[in-house]
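Listed below, chain by chain, are the residues.
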Amino acid sequence: MVSTYLSYDLVSRDMQASLKRVSNQNIVARDAEYYKTNIGKVTSVDDFMDNYRLYSYAMTAFGLGDMAYAKAFMRKVLESDLTDENSFANKLTDDRYREFASAFNFSSDEKTAQSSTQVDAMVDLYNQTMVSEGDAVTTETNYFNAMMKEVGSVDEMLGNDRLRGYLLKSFDIDERYYSRSLVAGALSSDTGDSQSYINQTLGPQRETLNTQVTDARTRLAAATTEADKNRINTEIAGYQAQLSSIQKYYDIADAFEFQSDGRSPADGAQTNDQKTAINSLYLSRQDRVSTASAVSEDNYFKSKMATLTNVEQLTADTRLYNYVTTAFNLTGITVVRSTVEQILTSDLSDPNSYVNRFSGSHPEYMALAKAFSFGTDGTVEAGSAQTTQQAALSSSNYFSRYNDVQDAADEKAATLYRTAISDIDSVDEFLTKQDVYQFALKAVGIDPDEVSSYTISRVLKSDLDDPNSFVYTLKDDRYLTLAKAFNFTRDGNVTTPLTAQSQGTITAIASDYTVKMARFLEDDARDKARADAKVETGYYSQKMLSIQSASDFINDDRLVNVLLTAYDVDPTRVSKDFLKQIFASDLNDPKSFVNQQADVWGEILGTFNFDAKGKLSDVNDQGAQSLGKIYETQNKYDRQTLEQQQGEENNGVRLALYFERMSKSITSAYDILGDTALLEFFRVSFQLPDSFSNLDVDKQAELVKKYMTLTDLQDSDMVSKMISKFTVMYDLENSSASTSALSILTGAGSGGSISADLLTSLAQNR
């Protein structure tokens, strides 16, 4: 009879070839093909368990074939939430159940409009966009001012998108509907010239409207009924709206120095005062306060302080009043203009003055009073309203507080968004929830007032895997960003977030990584390893939810290290080029690069939701299992079948193969004692009697540690030596094979013999 060692060696020498032979066996191949073809049709645990062929195949693959009868028990395993430490599968001591549960998507991620990661990303994007908009205001203002020295004509200015946009925004003219000829005519007009374009074109209209207003007011004064008064007031409002629209073009004409033929004068299209005026207009039209607007307000304040002679001039000027109340945090509803006047005219040496009476509860009153030099009568000499130090303090306060209200509003908007988005179940509901709708559109840089909800609906229902879907026809990255930020199906319902890996896979990888890093360590060293692993797995768990491409993953060494370590692959032996070839492979193509490598690489690749181009896609999502988990199940089934078939010939070979497979997952002596096959491997290796199992379990554990150096299990060469020793001892214990075993070791066919010393040495080998 062939020895156990030789039989084992014939199988393990080229394990991949041995497994290939098994997978090519007719029955095995048919079962594998059936599993791969039908597992994707499974939509529930009931479907899975009702198809006994699928169910028993998977149970066998994970070494749970003897538990196939316990369907109620296995249902609880499959429905366990592996992200919950107290879930059923996680509380079982046998890791095979957790591994089995992680291979399926029955406790898959919750269907939601946005995951918590996507919500965080949307809020971050909103903040970034708001900052960018503020920066853009400064950039556009600087560009406009610089170009006013360079632009040669009206046509050149209106032909420049940025200059035209700045101009129309400043004068509140909708660029979608503006008349180029009217704006061009206004720019080349002199409002003081009765023959200029603007006076010839809009002048008569303005005169007619003014006449109509005068006439209407006369009729209003004579009206006796409320109905007549309301009708005439509405009429007047209409005339005034038209007059305001006409006035915009007169203001445009006065804001530039273009000649009547449209050319710029030698000194430029604007004077410095005109630039300052239009800059202020542009900034005032912005929805948000920016650094540029803050600088403008600060300059305005300083210029006015030089000529101020009384308090009323400050409180009557809205810009000055807002500046002061902002700088000194007087933004409460109880603060009115008279409050500021009383503060600024208080006699600080008088304990009964307004400031001294209320500064205890309102210290900001005292701060404001000390920042100005008005007399108690409210007057001051021109240029003396503030000292240099007082002016510097006011400016500093303003710049530290000018956007406080805005920041608070942003924070409130983000809070409302986080709360409301969790209740969104469809695109239609998204469109009706204004807190969500406006926040999301602003986050990606889309003005909610400039796009229809119908367009947004079509964007959110677009199939991102279809290059011909609606969102791609817009050729606008803002809309694509919006579509990618949500989890809506083509019919407008919510679905599971598409991430680089499923949450279940991420959880399983994090768990495996932690086990690997703390393996065989004790006490403080083990605690530190687990703490360090928690940091890395926390990073992995969070980062993987935002990875958008294979290159993003490959270039993140921390992510790669966690993944490969979890799969028992040494990260230091894997290059980025190798990983690029793996991720560029097609798992369904037998000739692709990944399918020429060890099986583990197919299992790894299949857990990712990337297409062959490395882009995020659900190409590997097969429903109940990812493609990687399907391959992993098939690989495990082939291995189980190989071991079973070898065991039919020689149970020692089966035990050796089992030990080789399980050696990577052993973390303590108790793992060996809790596994019948591993315990038998250990008992035979060290020729212990069957009664060994009757000892106290802690005594057994001490003997395992005494005879077997567990850390050697991390060394493949040492594992091979352990297996070699086992095969010899197995043959010695089983007399039918002992002669063959001895003949291999001693060359008995040539007449040699084995010495007692050699037997003793083998028995003591560790």
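Presented here is an overview of the structure given in this document. (Residues numbered from 1 in each chain as written. Predicted model: local features only at pLDDT ≥ 70, side-chain atom pairs only at ≥ 80, totals over all residues. Heavy atoms only, no water.)

**A closer look at the packing of aromatic side chains**
Phase 1 of the analysis: Here the structure, examined in full by the defined rule, presents 44 aromatic pairs.
Phase 2 of the analysis: Centroid distance Phe578 to Phe593: 5.4 Å. Interplanar angle 70°. Geometry classified as edge-to-face. Taken as a pair, Phe578 in helix 34 (residues 576-583) and Phe593 in the loop between helix 34 and helix 35 (599-606) lie far apart in primary sequence, 15 residues in all.
Phase 3 of the analysis: We classify Phe578 as buried; its relative accessible area is 18%.
Phase 4 of the analysis: Among the residues examined, Phe593 registers a relative accessible area of 25% and is labelled partly exposed. (Phe/Tyr/Trp six-rings, centres within 6.5 Å; stacked < 30°, edge-to-face > 60°. Helix = DSSP H or I, 4+ residues; strand = E, 2+ residues; numbered from the N terminus. Buried < 20%, exposed > 50% of the residue type's maximum accessible area, 1.4 Å probe, protein only.)

**Some details on a nonpolar patch on the surface**
Phase 1 of the analysis: Together, Val2, Tyr5, Leu6 and Leu10 give the surface a local cluster of nonpolar side chains, amounting to about 330 Å² of exposed area.
Phase 2 of the analysis: Within the secondary structure, Tyr5 is located in helix 1 (residues 4-12).
Phase 3 of the analysis: The class for Tyr5 is partly exposed, based on a relative accessible area of 34%. (Patch = residues over 30% accessible without salt bridge, like charges linked within 9 Å, V, L, I, M, F, W, Y side chains within 5 Å. Areas by Shrake-Rupley, 256 points an atom, 1.4 Å probe, with all protein chains shown as cover. Salt bridge = Lys/Arg side-chain N within 4 Å of Asp/Glu carboxyl O.)

**Thoughts on the nonpolar core**
Phase 1 of the analysis: Formed by 104 residues in total, the largest nonpolar core has its most connected members in Phe48, Phe100, Phe104, Phe553 and Trp601.
Phase 2 of the analysis: With 7 residues, helix 37 (residues 651-662) is the largest single contributor of residues to this core.
Phase 3 of the analysis: Those residues within four positions of Phe104 in sequence are excluded, and the remaining contacts are Tyr35, Ile39, Phe48, Ala58, Leu78, Ala624 and Gln625.
Phase 4 of the analysis: Counting residues in hydrophobic clusters, the runner-up holds 42 residues, among them Tyr166, Leu168, Val213 and Ala255. (Core = buried A, V, L, I, M, F, W, Y, C linked by side-chain atoms within 4.5 Å. Contact = heavy atoms within 4.5 Å.)

**Focus: the environment of Val719**
Phase 1 of the analysis: Here Val719 lies in helix 41 (residues 716-733).
Phase 2 of the analysis: Exposure remark for Val719: the relative accessible area of 8% places this residue in the buried category.
Phase 3 of the analysis: Sequence separation between Val719 and Glu660 is 59 residues, and the spatial gap between their C-alpha atoms is 7.2 Å.
Phase 4 of the analysis: The residues contacting Val719, other than those within four sequence positions of it, are Phe659, Ser663, Asp712 and Leu713.

**As for a negative patch on the surface**
Phase 1 of the analysis: Among the surface-exposed residues, Glu133, Asp287, Asp447, Asp449 and Glu450 lie close enough to one another that they form a single negatively charged patch.
Phase 2 of the analysis: By the element assignment, Asp447 lies in the loop between helix 26 (434-443) and helix 27 (453-460). (Lys, Arg positive; Asp, Glu negative; His and termini not counted. Charge placed at Lys NZ, Arg CZ, Asp CG, Glu CD.)

**What to know about the packing of helix 14 (residues 203-222) against helix 15 (residues 226-254)**
Phase 1 of the analysis: Helix 15 packs onto helix 14 with a crossing angle of 155° between their chain directions and a minimal axis gap of 9 Å. Accordingly, the angle class assigned to the pair helix 14 and helix 15 is roughly antiparallel. Between helix 14 and helix 15 lies a crossing of left-handed hand.
Phase 2 of the analysis: Here the contact of helix 14 with helix 15 is built from residues that sort into 10 nonpolar, 8 polar and 6 charged. (Axes fitted to C-alpha atoms, helices over the stretch in contact; angles between N-to-C directions. Parallel < 35°, antiparallel > 145°, perpendicular 65-115°, else oblique. Left-handed = near helix turned anticlockwise from the far one by under 90°. Nonpolar A, V, L, I, M, F, W, Y, C, P; charged D, E, K, R; others polar.)

**Quick look at the side chain of Asp556**
Phase 1 of the analysis: Along the polypeptide, Asp556 turns up in the loop between helix 32 (550-554) and helix 33 (557-566).
Phase 2 of the analysis: Summary of buried charges: Asp556 has no salt-bridge partner, and the nearest side chain of opposite charge, Lys543, is 4.9 Å away.
Phase 3 of the analysis: Look past the residues within four positions of Asp556 in its chain and what remains in contact with it is Tyr539 and Lys543.

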